Amino acid sequence: MLKTRETRVEERKEEKRSEKRDRILLLQNRLRRFLSRAEAEMLKTRETRVEERKEEKRSEKRDRILRAAEAIFLDKGFHAASMNEIAEAADVSTPHLYNFYASKAALALAVQLKMGQETFDALKTAMSAGKKNPSCESIFDSRRSSLMLTILTECTRNPDIKEKITENGARLRAMISEAGGISQDDQEGQYRILCVMAMYLGMSISNIFTLVENRELMTKILAQAESCILPFCGDKKVKAAQH
């Protein structure tokens with residue numbers, strides 16, 4: 001009987017040890033699963049941060065290329081500028097430059113869009129401040145005008161460039177419409193906007209051949225012409241009162 005009692009005691013001890021091992025294994029498995037999920041999340045977060053840093057570096061490099069290209073295009077003109085020269089100024093290899101822009105025309109278009117965006121931002125800021133005729137400095141820069149004329153000429157040969165320039169023009173027209181309260185359905189108002197855009201484009205191209213010496217006076221004249229073309233656009237009550 002003593003042996004049987006001792007055996008039962010040992011069996012109970014073994015059962016307790018076994019239960020304890022099972023609980024430890026269960027906790028270990030739970031911990032492993034938790035750590036696996038945590039590691040997966042950490043890995044995912046780490047990969048996201050790596051991708052974000054890559055994109056930041058790529059964006060910085062793109063900006064550097066555009067700044068270098070803008071300076072060289074404006075200094076030498078489109079045809080005299082070379083991709084090798086732009087790559088050197090941007091501190092990238094020429095093959096790497098072509099990874100960003102497939103051709104010199106594509107790069108020039110990107111520069112033109114960049115300058116256009118800067119003009120949009122300046123106009124939007126000025127219009128928000130209530131200025132009737134914000135700034136005409138960009139159209140008096142003959143180098144910018146020459147580059148724009150070159151890009152416009154490329155439109156006749158490159159449908160992609162034509163599409164991008166068309167999009168850029170549509171953005172400008174939409175901005176003017178919003179600033180002037182002109183509905184997209186207001187056909188007369190939209191035609192008047194086109195006239196104003198054509199006026200500034202024509203003045204910009206004209207400035208390539210005939211420099212404007214008195215910019216302040218020309219700005220005043222352009223403002224007066226714009227006021228004549230866009231009188232009370234979008235204000236139907238004023239229009240109705242005039243009639």
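Described below are features of the structure shown in this document. Since the model is a prediction, treat every value here as computed from it, not as a measurement.

Rules used throughout
- Residues numbered from 1 in each chain as written.
- Predicted model: local features only at pLDDT ≥ 70, side-chain atom pairs only at ≥ 80, totals over all residues.
- Heavy atoms only, no water.
- Helix = DSSP H or I, 4+ residues; strand = E, 2+ residues; numbered from the N terminus.
- Buried < 20%, exposed > 50% of the residue type's maximum accessible area, 1.4 Å probe, protein only.
- Contact = heavy atoms within 4.5 Å.
- Areas by Shrake-Rupley, 256 points an atom, 1.4 Å probe, with all protein chains shown as cover.
- Salt bridge = Lys/Arg side-chain N within 4 Å of Asp/Glu carboxyl O.
- Phe/Tyr/Trp six-rings, centres within 6.5 Å; stacked < 30°, edge-to-face > 60°.
- Lys NZ or Arg CZ within 6 Å of the ring centre and 35° of its normal.
- Arc of directions from axis to C-beta.
- Axes fitted to C-alpha atoms, helices over the stretch in contact; angles between N-to-C directions.
- Parallel < 35°, antiparallel > 145°, perpendicular 65-115°, else oblique.
- Left-handed = near helix turned anticlockwise from the far one by under 90°.
- Nonpolar A, V, L, I, M, F, W, Y, C, P; charged D, E, K, R; others polar.
- Polar contact = N/O pair within 3.5 Å; in protein donor to acceptor, adjacent residues only side chain to side chain.
- Expected span 1.5 Å × (residues − 1).
- Core = buried A, V, L, I, M, F, W, Y, C linked by side-chain atoms within 4.5 Å.
- Patch = residues over 30% accessible without salt bridge, like charges linked within 9 Å, V, L, I, M, F, W, Y side chains within 5 Å.
- Lys, Arg positive; Asp, Glu negative; His and termini not counted.
- Charge placed at Lys NZ, Arg CZ, Asp CG, Glu CD.

### Some thoughts on the overall build of the protein
Here is step 1 of the chain: A count of helices and strands for the protein gives nine helices and zero strands.
Here is step 2 of the chain: When the helices and strands of the protein are listed from N to C terminus, the series reads α-α-α-α-α-α-α-α-α.
Here is step 3 of the chain: For the protein, with 243 residues in total, the buried portion stands at 28%.
Here is step 4 of the chain: When contacts within the protein are restricted to residue pairs at least 6 apart in sequence, long-range pairs at least 24 apart make up 67% of them.
Here is step 5 of the chain: Accessible area for the protein stands at about 16,500 Å²; split by element, carbon and sulfur atoms hold 55% of it.

### Looking at the pattern of salt bridges
Here is step 1 of the chain: Enumeration according to the criterion identifies five salt bridges in this entry.
Here is step 2 of the chain: Between K114 and E70 there is a salt bridge; the shortest N-O distance is 2.7 Å. Taken together, the residues span a long stretch of sequence, with K114 in helix α4 (residues 104-128) and E70 in helix α1 (residues 2-76) at a distance of 44 residues.
Here is step 3 of the chain: Relative accessible area serves as the criterion here: at 11%, E70 is assigned to the buried category.
Here is step 4 of the chain: Where salt bridges share partners, they join E70, K114 and R144 into one cluster.

### Comments concerning the packing of aromatic side chains
Here is step 1 of the chain: Tallying each qualifying case throughout the model produces one aromatic pair.
Here is step 2 of the chain: Sitting over the face of the ring of F100, R58 holds its NZ or CZ atom 4.4 Å from the ring centroid.
Here is step 3 of the chain: Here K104 stacks its cationic end above the ring of F78, 4.8 Å away from the centre of that ring.

### Details of helix α2 (residues 83-90)
Here is step 1 of the chain: Of all the positions in α2, only M83, I86, A87 and A90 are classed as buried. In an axial view of α2, the angular spread of the buried residues amounts to 100°, which keeps them on one side of the axis. Opposite the packed face of α2, turned more than 90 degrees from it, sit the exposed residues E88 and A89.
Here is step 2 of the chain: Looking at the residues trailing α2, positive phi occurs at D91, about 65°.

### Considerations on the packing of helix α6 (residues 159-180) against helix α7 (residues 187-209)
Here is step 1 of the chain: At a minimum axis distance of 10 Å, the contact between α6 and α7 shows a crossing angle of 120°. As the angle between them shows, α6 and α7 are arranged oblique. The handedness of the crossing between α6 and α7 comes out as right-handed. Of α7, the residues touching α6 (which contributes G169, L172, R173, I176 and S177) are Q190, I193, L194 and M197.
Here is step 2 of the chain: Looking at the contact of α6 with α7, its residues break down into five nonpolar, three polar and one charged.

### Comments concerning the side chain of Q190
Here is step 1 of the chain: Mapped onto the fold, Q190 is located in helix α7.
Here is step 2 of the chain: Of the polar contacts made by the side chain of Q190, one reaches the backbone oxygen of S183; its length is 3.1 Å.
Here is step 3 of the chain: The contacts of Q190, once residues within four sequence positions are left out, are R173, S177, I182, S183 and Q184.

### A look at unusual backbone geometry
Here is step 1 of the chain: Positive phi is not limited to glycine here, since D91 has a value of about 65°.
Here is step 2 of the chain: Positionally, D91 belongs in the loop between α2 and α3 (94-100).

### Details of α7
Here is step 1 of the chain: Counted at 1.5 Å a residue, the expected span for α7 with its 23 residues is 33 Å, and the 34 Å between its end C-alpha atoms agrees.
Here is step 2 of the chain: Those residues of α7 that sit buried are G189, Q190, I193, V196, M197, M199, Y200, M203, S204 and N207.
Here is step 3 of the chain: Packed against the buried residues of α7 are α5 (142-154), α6 and α8 (215-229).

### Here's the deal with the nonpolar core
Here is step 1 of the chain: By size, the foremost hydrophobic cluster in this structure holds 29 residues, and its most contacted members are I65, F73, L97, Y101, L107 and L147.
Here is step 2 of the chain: Contributing elements (two or more residues each) for this core: α1, α2, α3, α4, α5 and α6.
Here is step 3 of the chain: Formed by 14 residues, the second largest nonpolar core is a distinct cluster that contains I176, V196, M203 and L222.

### Observations concerning a positive patch on the surface
Here is step 1 of the chain: Together, R46, R49, R53 and K57 make up a region of like positive charge exposed at the surface.
Here is step 2 of the chain: Relative to the helices and strands, K57 is located in helix α1.

### A look at the side chain of E70
Here is step 1 of the chain: A polar side-chain atom of E70 sits 2.7 Å from a polar atom in the side chain of K114.
Here is step 2 of the chain: Those residues in contact with E70 that sit more than four places away from it in its chain are V111, K114, M115 and R144.

Keep in mind that these numbers describe shape and distance, not what the molecule does.
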